Amino acid sequence: EVQLVQSGAEVKKPGESLKISCKGSGYSISNYWIAWVRQMPGKGLEWMGIIYPADSDTKYSPSFQGQVTISADMSNNTAYLQWGSLRASDTAKYYCASLMEVTSGWRHYNWFDLWGQGTLVTVSS
Amino acid sequence: DIQMTQSPSSLSASVGDRVTITCRASQDISSYLNWYQQKPGNAPKLLIYAASSLQRGVPSRFSGSGSGTDFTLTISSLQPEDFATYYCQHSYSIPKTFTFGPGTKVDIK
């Protein structure tokens, strides 16, 4: 079965660092853009950034640029999201998602067709 | 930046009802619009891509329409498993930008 499997829930203190993972299972993520999406408690979905594992090309949402780092390790078929210094406001559920891209004529469509199960990150003193 | 709005923010409906959710973009986005369903505690699930194409495995009671700035997700006959929150999403390939709407929660009347 093709799926994205995320690492388990984390409880951290403000100022600590953290790296969570998203591993492809049943397929290679190397040629698919992998995005990270934040969902704060009771709130909506926010796109954070996206990486193309084959060449590590990475794009960040302006809202998250400089706040997090997205990386990938093709040898492990895994993408990562990391923080250098967590804040209480980073408490959220984080999803990874794989981007499907289709070209029709001059139009380039894309959508997130495969999602991880989410990783809950709780930051509290 | 393109902003996405949805209306209503929530609605109450009964099983069998026809439900319509609207999504509006702050500027013309052609048909670069997707719809997702999210149930509590679960990851989002793709329903509709490119404004009107039904994702494989999604029941045909779901349909999407629209282009430009105004889009609609319709559930023709609401089923118990459809009570969830629905998000529209604008996505561009070049440059890569992905903007979600604020969501519409559909609950039981």
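Draft legend 1. Region of interest: the sheet that holds strand S3 (residues 18-25) of chain A. Residue and element names in this part refer to chain A. Within the open sheet, the 4 strands sit side by side as S1-S3-S8-S7. Their pairing is antiparallel. Only two strands of the sheet have a single neighbouring strand rather than two, namely strand S1 (3-6) and strand S7 (69-73). With strand direction ignored, the average angle separating the axes of adjacent strands in the sheet is 20°. Here S1 pairs with S3 via 4 bridges, running antiparallel. Bridging across to S3, Gln-3 finds its partner in Ser-25.

Draft legend 2. A look at the pairing of strand S7 (residues 62-67) of chain B. Residue and element names in this part refer to chain B. Bridge analysis of S7 against strand S8 (residues 70-75) gives 6 bridges, and the strand direction is antiparallel. Each residue of the ladder has a partner; that of Gly-66, found in S8, is Phe-71. Hairpin connection between S7 and S8: a loop of 2 residues separates the two successive antiparallel strands, and Gly-68 in this loop has a positive phi of roughly 85°.

Draft legend 3. Inspection of the environment of Lys-43 of chain A at higher detail. For Lys-43 of chain A, the position within the fold is in the loop between strand S4 (34-39) and strand S5 (45-52). C-alpha of Lys-43 of chain A to C-alpha of Ala-92 of chain A: the two residues are 49 residues apart in sequence and 9.3 Å apart in space.

Draft legend 4. Looking closely at the nonpolar core. Residues and elements named next belong to chain B. Counting residues in each nonpolar core, the largest one holds 25 residues, and the members touching the most others are Met-4, Ile-21, Leu-33, Trp-35 and Tyr-86. Residue assignment for this core shows that the elements contributing at least two residues are strand S2 (10-13), strand S3 (19-25), strand S4 (33-38), strand S5 (45-49), S8 and strand S9 (85-92). The element that contributes the greatest number of residues to this core is S3, accounting for 4 residues.

Draft legend 5. Here's a closer look at the sheet that holds S3 of chain B. Residue and element names in this part refer to chain B. Read across the sheet, 4 strands follow the order S1-S3-S8-S7 without closing on themselves; strand pairing throughout is antiparallel. Every interior strand has two partners, whereas the edge strands, strand S1 (4-7) and S7, have only one. On average, each strand axis in the sheet is inclined to that of its neighbour by 20°, with strand direction left out of account.

Draft legend 6. Quick peek at the interface of chain A and chain B. At the junction of the two partners, chain A supplies 24 residues and chain B supplies 23 residues. Where chain A abuts chain B, roughly 2000 Å² becomes buried across the two surfaces, and 60% of that area is made up of carbon and sulfur atoms. Joining chain A to chain B, the criterion identifies 1 salt bridge. For Lys-96 of chain B, the salt bridge is made with Glu-101 of chain A, and the minimal N-O distance between the two is 3.0 Å. There are 12 residue pairs in polar contact (both at pLDDT 80 or more) connecting chain A and chain B. Counting residues per element, the ones that place at least two in the side of chain A that touches chain B are S4, S5, strand S9 (92-104) and strand S10 (107-115) of chain A. Per element, the largest residue contribution to the side of chain A that touches chain B is 8 residues, and it comes from S10 of chain A. Residue composition of the side of chain A that touches chain B, by class: 12 nonpolar, 5 polar and 7 charged.

Draft legend 7. Fine view of the packing of aromatic side chains. According to the stated counting rule, one finds 13 aromatic pairs over all chains in the structure shown. On the numbers, 5.9 Å between centres and 75° between planes, the contact of Phe-112 of chain A with Trp-115 of chain A is edge-to-face. According to the relative accessible area criterion, Trp-115 of chain A is buried, its value standing at 10%. Ring centres of Tyr-36 of chain B and Phe-100 of chain B lie 6.0 Å apart, and the angle between their planes is 55°; this geometry places the pair in the tilted category. Note that Tyr-36 of chain B is positioned in strand S4 and Phe-100 of chain B in strand S10 (residues 97-100), a separation of 64 residues in sequence.

Calculation rules
Residues numbered from 1 in each chain as written. Chains lettered and ligands numbered in written order. Predicted model: local features only at pLDDT ≥ 70, side-chain atom pairs only at ≥ 80, totals over all residues. Heavy atoms only, no water. Pairing = 2+ DSSP bridges. Helix = DSSP H or I, 4+ residues; strand = E, 2+ residues; numbered from the N terminus. Axes fitted to C-alpha atoms, helices over the stretch in contact; angles between N-to-C directions. Core = buried A, V, L, I, M, F, W, Y, C linked by side-chain atoms within 4.5 Å. Buried < 20%, exposed > 50% of the residue type's maximum accessible area, 1.4 Å probe, protein only. Contact = heavy atoms within 4.5 Å. Buried area = accessible area lost by both parts, 1.4 Å probe. Salt bridge = Lys/Arg side-chain N within 4 Å of Asp/Glu carboxyl O. Polar contact = N/O pair within 3.5 Å; in protein donor to acceptor, adjacent residues only side chain to side chain. Nonpolar A, V, L, I, M, F, W, Y, C, P; charged D, E, K, R; others polar. Phe/Tyr/Trp six-rings, centres within 6.5 Å; stacked < 30°, edge-to-face > 60°.

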